Amino acid sequence: MSNEENDFFAQAMADVRPLSAGQPTLYLKVQDPVDKRARREAQALQLENFLSTGFLDIIPCDTPLEYKGEGIQQGVLDKLRHGHYPPQVSLNLLRQPVENCRQALFRFIIQAEKDSLRSLLIVHGRGRTDQSHPNIIRSYLAKWLGQFEQVQAFCRALPRDGGEGACYVTLRKSAAAKADNFERHAKHSR
């Protein structure tokens, strides 16, 4: 540095005082209490939730829940009805508002598909009258489950799993499970 540059630097730094030798200050980034990735996933799920809360046909309390998707054999529904597919995971919708049930069911089905689970139990409660809250949730549940492509069939549960207040749901195989099954059986045919 030349003398002229040194003079300019000294003049610019004339009013600067050195920091005290006290405790060093450590500045930490403020931590968000909610995991950002989890929040983004929740927002994405909320935006993608296609389950409708519009017009609802109330299913009478004495009518059992039952659904079989197109191309599904009657034997699958019969086995499901008799409890031959034990539930791998369950969802409890008791005493929750309709919107909470809608969000919880959507997340539940998507997560079950990601985890390659096929047999589910959903507890919705049993109402005494057609207009009771559990029967409204039950009616919405029948409507919503029919909107999922992944759902093959559903029916009321056995008494040991909740009877009229719960339903068994079976999902289609995931692409990974299909590929694994194909590979397992292809090895035997060679």
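Position numbers for residues count from 1 along each chain, tracking the sequence in the order it is written. Reporting of local features is limited, given that this is a predicted model, to residues whose pLDDT is at least 70; pairs of side-chain atoms are given and counted only at 80 or more, and all residues count toward the totals for whole chains, interfaces and linings. Hydrogens and water are ignored here; the side-chain numbers use all heavy atoms of the structure.

### Looking at the pairing of strand β4 (residues 151–156)
Side chains on a regular strand alternate between the two faces of the sheet. A large share of β4 lies buried, amounting to five of its six residues. What makes two strands pair is DSSP finding at least two bridges between them. Secondary structure elements are taken from DSSP: a helix is a run of H or I of four residues or more, a strand is a run of E of two residues or more, and numbering for both begins at the N terminus. Note that strand β1 (residues 66–68) and β4 share three bridges and pair antiparallel. Note that in β4 the partner of K68 across the bridge is A153. Partly exposed residues are those whose accessible area sits between 20% and 50% of the maximum for their type, while under 20% is buried and over 50% is exposed, using a 1.4 Å probe and protein chains only.

### Comments concerning the side chain of S132
Here S132 is to be found in the loop between β3 (119–123) and α5 (133–147). The class for S132 is buried, based on a relative accessible area of 15%. In this structure the side chain of S132 is engaged in a polar contact, spanning 2.8 Å, whose partner is the backbone oxygen of T129. Any pair of N or O atoms that falls within 3.5 Å is considered a polar contact. Within protein, one atom must be able to donate a hydrogen and the other to accept it, and sequence-neighbouring residues count only if both atoms are side-chain atoms.

### Things to note about the pairing of strand β2 (residues 89–92)
In the sheet, β2 pairs with β3 via four bridges, with the strands oriented parallel. Paired with N92 across the bridge in β3 is V123. With the strands pointing away from the viewer, any crossover whose connection runs clockwise from the first strand over the helix to the second is right-handed. As a crossover connection, the stretch from β2 through helix α4 (residues 98–114) into β3 is right-handed.

### Some words on α4
Working rule for helices: expected span equals 1.5 Å times residues minus one. Its 17 residues place the ends of α4 24 Å apart at the C-alpha level, agreeing with the 24 Å of an ideal helix rising 1.5 Å per residue. Considered for burial, the residues of α4 that qualify are C101, R102, Q103, A104, L105, F106, F108, I109, I110 and A112. Residue S116 follows α4 closely and has a positive phi angle near 60°.

### Some words on the packing of α4 against α5
Structural elements are reduced to axes, namely lines fitted to C-alpha atoms, with helices fitted over the stretch in contact, and the angle between N-to-C directions of any two is expressed from 0 to 180 degrees. The interhelical angle for the contact between α4 and α5, taken along N-to-C directions, is 35°, at an axis separation of 11 Å. Regarding α4 and α5, the two cross each other, and that crossing is right-handed. Along the contact surface, α4 presents V98, C101, R102, L105 and I109, while α5 presents I137, Y140, L141, W144 and L145. When its residues are assigned to classes, the contact of α4 with α5 shows nine nonpolar, no polar and one charged. By definition, turning the near helix anticlockwise from the far helix through less than a right angle yields a left-handed crossing, and turning it clockwise yields a right-handed one. The contact criterion used throughout is that any non-hydrogen atoms of two residues lie within 4.5 Å. The residue classification treats Ala, Val, Leu, Ile, Met, Phe, Trp, Tyr, Cys and Pro as nonpolar and Asp, Glu, Lys and Arg as charged. All others, Gly included, are polar.

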